[in-house]
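Secondary and tertiary structure notes
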Amino acid sequence: GSIPPNLLFEPSDSSVLEDLYFDSSTQTGMSGPFPIDFFSSSLNNLARISISWSNNGLTGDLPTDLWSKMNAPALDYVTLAFSSNSLTGSLSSTLLRPNPNSSCSSLSLDVSTNPLSGTIPGDFFSSINLTKTIHLSFYARSCGLTGTMPSIAAETSPPPTHMNSLWLYLDSNSLSGTLPASL
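Since this is a predicted model, take the numbers as computed values, not measurements. (Residues numbered from 1 in each chain as written. Predicted model: local features only at pLDDT ≥ 70, side-chain atom pairs only at ≥ 80, totals over all residues. Heavy atoms only, no water.)

Across five bridges, the pairing between strand β7 (residues 106-110) and strand β8 (residues 135-139) is parallel. Residue pairing for β8: Asp110 is matched across the bridge by Tyr139. Pairing of β8 with strand β10 (residues 165-169) involves five bridges; the strand directions are parallel. Bridging across to β10, Phe138 finds its partner in Leu168. (Pairing = 2+ DSSP bridges. Helix = DSSP H or I, 4+ residues; strand = E, 2+ residues; numbered from the N terminus.)

Structural data, given as structure tokens:
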């Protein structure tokens with residue numbers, strides 16, 4: 001079935017949650033539109049979130065501003081896995097942009113094996129606040145992406161002085177271009 005937007009808690013309970021782990025992967029029967037409202041709750045004390053909704057029947061467009069919808073100023077660690085669903089649309093330059101109130105140091109997003117289309121926007125990686133982010137993983141394998149690989153973290157301004165690791169999984173797409181030598 002579908003995921004109700006108020007699945008987690010009532011708004012009055014949101015200030016007590018510090019860790020959220022939601023694993024509904026491996027064909028649990030979740031289906032329907034991507035539940036963007038699920039991420040719009042105010043989660044004042046949430047420090048770590050790990051959600052895996054892979055291998056299900058989620059449909060609709062990939063949200064354009066998923067990270068920024070999370071109103072969680074204490075959020076430090078985010079892992080979201082939505083691979084092997086039926087999410088469509090294209091990658092937005094704001095998809096990886098965290099909420100400006102967040103001090104998140106570890107971001108991981110997996111949208112692999114969804115029938116996406118289009119290119120990776122030229123400013124896709126520069127929208128990340130690299131002065132805060134220490135680790136970034138982005139998985140978009142086998143998504144039907146085309147075009148030229150944009151500049152990534154090593155060429156952004158300001159330079160990513162705190163970036164310790166950058167993991168990109170973009171294989172089995174039709175991308176061209178080269179990665180910066182500084183990587």
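Having seen the structure, we can now continue with the description.
For the protein, the mean per-residue pLDDT works out to 76, and 69% of the residues sit at or above 70. The least confident element of the protein, judged by mean pLDDT, is helix α1 (residues 66-69) at 70; the most confident is strand β6 (residues 86-88) at 94. (pLDDT = per-residue confidence, 0-100.)

Moving on to the pairing of strand β3 (residues 48-52). For β3, a buried count of four out of five residues is recorded, marking the element as mostly surrounded by other parts of the structure. Where strand β1 (residues 19-23) lies against β3, five bridges are found, and the strand directions are parallel. Bridge assignment links Phe22 to a residue of β3, and that residue is Ile51. As defined by bridge partners, β3 adjoins strand β5 (residues 77-81) across five bridges and the pair is classed as parallel. Looking across to β5, one finds that Arg48 is bridged to Tyr77. (Buried < 20%, exposed > 50% of the residue type's maximum accessible area, 1.4 Å probe, protein only.)

What follows is about unusual backbone geometry. Residues other than glycine seldom take positive phi values, yet Ser84 does so here, at roughly 55 degrees. Assignment of secondary structure puts Ser84 in the loop between β5 and β6. A positive phi is found at Ser172, a non-glycine position, where the angle reads about 60 degrees. Residue position: Ser172 is located in the loop between β10 and β11 (174-176). Exposure remark for Ser172: the relative accessible area of 54% places this residue in the exposed category.

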